[in-house]
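Structure assessment
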Amino acid sequence: MQFLVRMDVRLPHDIPAEVADDLRARERERAHEIQRSGKWPELWRVVGRYANVSRFDVDSGDELHQLLSSLPLFPYMDVEVTALTVHPSKLES
């Protein structure tokens with residue numbers, strides 16, 4: 001199953017800088033692990049925002065939830081998930 005996922009990060013304004021830096025470093029490490037697994041084949045930054053749009057290729061919605069909730073910044077994210085399927089008018093690649 002493929003999912004389009006938008007993640008908007010909303011860190012509290014009063015979070016200490018060293019805590020925010022640690023969260024970002026752990027987030028990058030975990031994101032790289034998931035990408036290397038092939039489950040997160042596309043990752044795009046949203047210009048001008050602390051947000052991204054990604055495509056995940058997973059076996060189920062449960063697996064997607066498990067991966068997203070394993071991200072250190074997950075508690076600070078607004079996440080929007082859209083299930084994808086091939087459009088019948090798409091030209092074959």
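In the block above lies the structure referred to throughout.
Residues numbered from 1 in each chain as written. Predicted model: local features only at pLDDT ≥ 70, side-chain atom pairs only at ≥ 80, totals over all residues. Heavy atoms only, no water.

1. Brief notes about the pairing of strand S1 (residues 2-9)
By the bridge criterion, seven bridges tie S1 to strand S3 (residues 51-57) in an arrangement that is antiparallel. Paired with Arg6 across the strands is Val53, a residue of S3. Pairing analysis gives eight bridges linking S1 to strand S4 (residues 77-84), with the strands arranged antiparallel. Across the sheet, Arg6 pairs through a bridge with Glu80, a residue of S4. (Pairing = 2+ DSSP bridges. Helix = DSSP H or I, 4+ residues; strand = E, 2+ residues; numbered from the N terminus.)

2. With respect to the side chain of Ser54
Within the fold, Ser54 resides in strand S3. Of the polar contacts made by the side chain of Ser54, one reaches the side chain of Asn52; its length is 2.9 Å. Once residues within four sequence positions are removed from consideration, Ser54 is found in contact with Phe3, Leu4, Val5, Met7, Trp40, Glu42 and Leu43. (Polar contact = N/O pair within 3.5 Å; in protein donor to acceptor, adjacent residues only side chain to side chain. Contact = heavy atoms within 4.5 Å.)

3. Topic: the sheet that holds strand S2 (residues 42-45)
The antiparallel open sheet is built from four strands, whose spatial order is S2-S3-S1-S4. One side of each edge strand has no neighbouring strand; the edge strands of this open sheet are S2 and S4. Across this sheet, the average inter-strand angle for adjacent strands is 15°, counted without regard to direction. Bridge count between S2 and S3: four bridges; the pairing is antiparallel. (Axes fitted to C-alpha atoms, helices over the stretch in contact; angles between N-to-C directions.)

4. Some points on the packing of aromatic side chains
Applying the stated rule across the entire model yields one aromatic pair. Between Trp40 and Phe56 the ring centres are 4.7 Å apart and the planes differ by 25°, which places this aromatic pair in the stacked class. With Trp40 in the loop between helix H1 (17-36) and S2 and Phe56 in strand S3, the pair connects residues that are 16 residues apart, well separated along the chain. Like Phe56, Trp40 is buried. (Phe/Tyr/Trp six-rings, centres within 6.5 Å; stacked < 30°, edge-to-face > 60°. Buried < 20%, exposed > 50% of the residue type's maximum accessible area, 1.4 Å probe, protein only.)

5. A look at the nonpolar core
Judged by nonpolar contacts, the single largest core of 19 residues is most densely connected at Met7 and Phe56. Those elements that provide at least two residues to this core are S1, H1 and helix H2 (61-69). Dropping the residues within four chain positions of it, Met7 is found in contact with Trp40, Tyr50, Ala51, Asn52, Ser54, Phe56, Leu68, Leu71, Met77, Asp78 and Val79. (Core = buried A, V, L, I, M, F, W, Y, C linked by side-chain atoms within 4.5 Å.)

6. Here's the deal with the pattern of salt bridges
Under the defined criterion, the tally for this structure stands at nine salt bridges. Measuring nitrogen to oxygen at the nearest pair gives 3.7 Å for the salt bridge that ties Asp8 to Arg49. Of this pair, Asp8 sits in strand S1 while Arg49 sits in the loop between S2 and S3, and the two are 41 residues apart along the sequence. Asp8 sits in the buried class, given a relative accessible area of 10%. Between Lys39 and Asp59 there is a salt bridge, with its nearest N and O atoms 3.9 Å apart. In this pair, Lys39 sits in the loop between H1 and S2 while Asp59 sits in the loop between S3 and H2, placing the two residues 20 residues apart along the sequence. Shared partners join several salt bridges into a network, and the residues in it are Arg6, Asp8 and Arg49. (Salt bridge = Lys/Arg side-chain N within 4 Å of Asp/Glu carboxyl O.)

By themselves, these observations are geometric and do not establish any function.
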